[in-house]
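What follows is each chain in one-letter form.
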Amino acid sequence: MTVRGLRLAPFRGLRYAPERVSSLAAVTSPPYDVVVTPDGLRQLETADPYNIVRLILPQAEDPTTRHHKAAETLGRWQADGVLSRDPQPALYVYEQRKGELLQRGLIGALRLSAPEEGVVLPHEEVIDEVVADRADLMREMAANPEPLLLSYRGNGTRTGATAVIERATLGPPLAATTTEDGFAHRLWAVTDPAEIAEVDAELSRRSALIADGHHRWATYLRLRAEQGGSAEGSPWDYGLVLLVDTARYPLQVRAIHRVLPRLPLKRALDLLDRAGAGYGEGGAFRVRTLEAPLDEALEELEDTAGNAFLLTEGEGVFHLVDQPSPALLERTVDTHRPAAWRQLDAAVLHSTLLDAVWQVPDRPEDISYLHHTEAALEQAAGHGGTAVLLRAVPEETVRALAEQGVTMPRKSTSFGPKPATGLVLRPLY
């Protein structure tokens, strides 16, 4: 079946029973790929014995045991009444607020569609091993434990889905909490068939960009194919998402940094110097040392034209790497890609620096991806490795490439604010 637009279906959400947990904030978590291990994971595990991290990042000796453990935990929590299913299918209005930042959207079960249909547009590549792991976890649990984040462009008026969202927020929420990061979260259920039809009438004319959750979307598609999805009514033909109208609630776009634990900073700089020998007076890259606080170094990075990166082994001293040799770029960056892709910092970082100059393989033990700058610095200092700090890619560039069917290097962007995990889960049966 071809999906001609976004089709968001209601479902009976699985939610925490407030009286069974210490607080809703204590059982929620950032998305699985944002949790910093091991310290962040340990902090979440000790916050409450029922923290959702035990389902999204179960800990055990081997993957099979981990996934089985998560499924057993989910079943036990339901049997004990820690998690209970809502009585009626609903679309869930979700609000995040921090200071002047306000984001609202709809959580529901989205009908899956292939990339070539142009309904849901990916913009980043994925790693098969990560998709396989998430698929094993969701298959074992028979649940979607956390929504991915999709953005779409509405018409900016208070009609359709926006009207439904704003009417819902006038009533008392199903759940409300403030998490440690200062974000206030509220959730409402929309169960009226007329309002659900009003949402469908608008969304069925829209397409969406995957803002965060490419591996989860690829997981949904893999499970659909494996479980014989696309049959009308199959639960595997849908996946849990949060849809945000960025015409009304623009997302923030941040960079995702790299930490190279096995590459000391001195060796990274030596290899850059050695690589420059064959590229004339300018070398492979220009490297400048900045003895400055983090915020000043990041400001200098933002103000630098062309491709640029900050290297550091911790706070205080940074090395600004920019002005790559055109000849080196010609030799290392895929010339078959569009110009906008070849000019991406992440494309140059992976093709030229990581692959050609430093020869760092893209494996978890060799590259960590961190969303928070301070965490990247701490991890680099802890391992004696190198943190590579990047700049954010404008949303317009991301969307333009996605609409051409061009995927960016993985972990090129971090859209947010991301939905908290644990407010509502989607059981498949």
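You'll find the structure just up there.
Note that the structure is a prediction, hence the values are computed from the model and not measured.

1. Description of the environment of Gly5
Mapped onto the secondary structure, Gly5 falls in the segment before strand E1 (8-9). A relative accessible area of 6% places Gly5 in the buried class. For the pair formed by Gly5 and Arg206, sequence separation is 201 residues and the distance between their alpha carbons is 5.3 Å. Not counting residues within four places of it along the chain, the set of residues in contact with Gly5 comprises Val119, Leu203, Ser204 and Arg206.

2. What to know about empty space enclosed by the protein
In this structure the tally under the stated criterion is three cavities of 30 Å³ or more. Contributing to the lining of the largest cavity are 15 residues, with Asp33, Glu124, Asp212, Gly213 and Lys411 lying nearest its centre. Elements supplying a minimum of two residues to the lining of the largest cavity: strand E11 (208-212) and helix H8 (214-226). Among the elements that line the lining of the largest cavity, the one with the most residues is H8, at three residues. A class-by-class count of the residues in the lining of the largest cavity yields three nonpolar, six polar and six charged.

3. Comments concerning the pairing of strand E4 (residues 91-98)
Taking burial as the measure, the eight residues of E4 include six buried ones, the bulk of the element. In this structure, E4 lies alongside strand E10 (residues 184-190), joined through seven bridges in antiparallel fashion. Across the sheet, the residue bridging to Arg97 is Ala184, located in E10. Pairing of E4 with strand E5 (residues 101-111) involves seven bridges; the strand directions are antiparallel. From the neighbouring strand, Val93 faces E5, where its bridge partner is Leu106. Hairpin connection between E4 and E5: a loop of two residues separates the two successive antiparallel strands, and Gly99 in this loop has a positive phi of roughly 60°.

4. Notes on the packing of helix H4 (residues 63-79) against helix H5 (residues 128-141)
Running from N to C, H4 and H5 point in directions that differ by 35°, and their axes come no closer than 8 Å. In the packing of H4 onto H5, the handedness of the crossing is right-handed. For the pair formed by H4 and H5, the contact residues are Arg66, His67, His68, Ala70, Ala71 and Leu74 on the first element and Asp133, Asp136, Leu137, Glu140 and Met141 on the second. Of the residues contributing to the contact of H4 with H5, the split by class is five nonpolar, two polar and four charged.

5. What to know about the packing of aromatic side chains
Aromatic ring pairs are reported here in terms of the distance separating the ring centres and the angle at which the planes meet. Scanning the model with the defined rule gives five aromatic pairs in all. Ring centres 6.3 Å apart and planes at 70° place the aromatic pair Trp217 and Tyr220 in the edge-to-face group. Linking Trp217 with Tyr220, this pair stays in helix H8, spanning three residues, or about one helical turn. With relative accessibility at 4%, the residue Trp217 sits in the buried group.

6. Topic: the pattern of salt bridges
Summed over the entire model, instances satisfying the criterion amount to 32 salt bridges. The salt bridge partner of Asp237 is Arg111, with a shortest N-O separation of 2.8 Å. Here the residue Asp237 occupies a position in the loop between H8 and strand E12 (238-245), and Arg111 occupies one in strand E5, the gap between them amounting to 126 residues. Take Asp237 and Arg111: they sit in the same class, and that class is buried. A salt bridge links Arg224 to Asp237; the shortest N-O distance between them is 3.2 Å. With Arg224 in helix H8 and Asp237 in the loop between H8 and E12, the pair connects residues that are 13 residues apart, well separated along the chain. Via salt bridges that share partners, Glu95, Arg97, Arg104 and Arg186 belong to a single interconnected network.

7. Let's talk about a negative patch on the surface
On the surface, Asp295, Glu296, Glu299, Glu302, Asp303, Glu315, Glu374 and Glu378 cluster together into a patch of negative charge. Secondary structure elements with two or more residues in the negative patch: helix H10 (294-302) and helix H14 (373-383). With four residues, the top contributor of residues to the negative patch is H10. Its place among the elements puts Glu296 in helix H10. With relative accessibility at 47%, the residue Glu296 sits in the partly exposed group.

Calculation notes
Residues numbered from 1 in each chain as written. Predicted model: local features only at pLDDT ≥ 70, side-chain atom pairs only at ≥ 80, totals over all residues. Heavy atoms only, no water. Helix = DSSP H or I, 4+ residues; strand = E, 2+ residues; numbered from the N terminus. Buried < 20%, exposed > 50% of the residue type's maximum accessible area, 1.4 Å probe, protein only. Contact = heavy atoms within 4.5 Å. 1 Å grid on protein atoms, 1.4 Å probe; cavity = no way out; pocket = protein on both sides within 12 Å on 5 of 7 lines; lining within 4 Å. Points joined across faces, edges and corners; volume = space filled by probe spheres on them. Nonpolar A, V, L, I, M, F, W, Y, C, P; charged D, E, K, R; others polar. Pairing = 2+ DSSP bridges. Axes fitted to C-alpha atoms, helices over the stretch in contact; angles between N-to-C directions. Left-handed = near helix turned anticlockwise from the far one by under 90°. Phe/Tyr/Trp six-rings, centres within 6.5 Å; stacked < 30°, edge-to-face > 60°. Salt bridge = Lys/Arg side-chain N within 4 Å of Asp/Glu carboxyl O. Patch = residues over 30% accessible without salt bridge, like charges linked within 9 Å, V, L, I, M, F, W, Y side chains within 5 Å. Areas by Shrake-Rupley, 256 points an atom, 1.4 Å probe, with all protein chains shown as cover. Lys, Arg positive; Asp, Glu negative; His and termini not counted. Charge placed at Lys NZ, Arg CZ, Asp CG, Glu CD.

Such coordinate-based values are descriptive only and should not be taken to indicate function.
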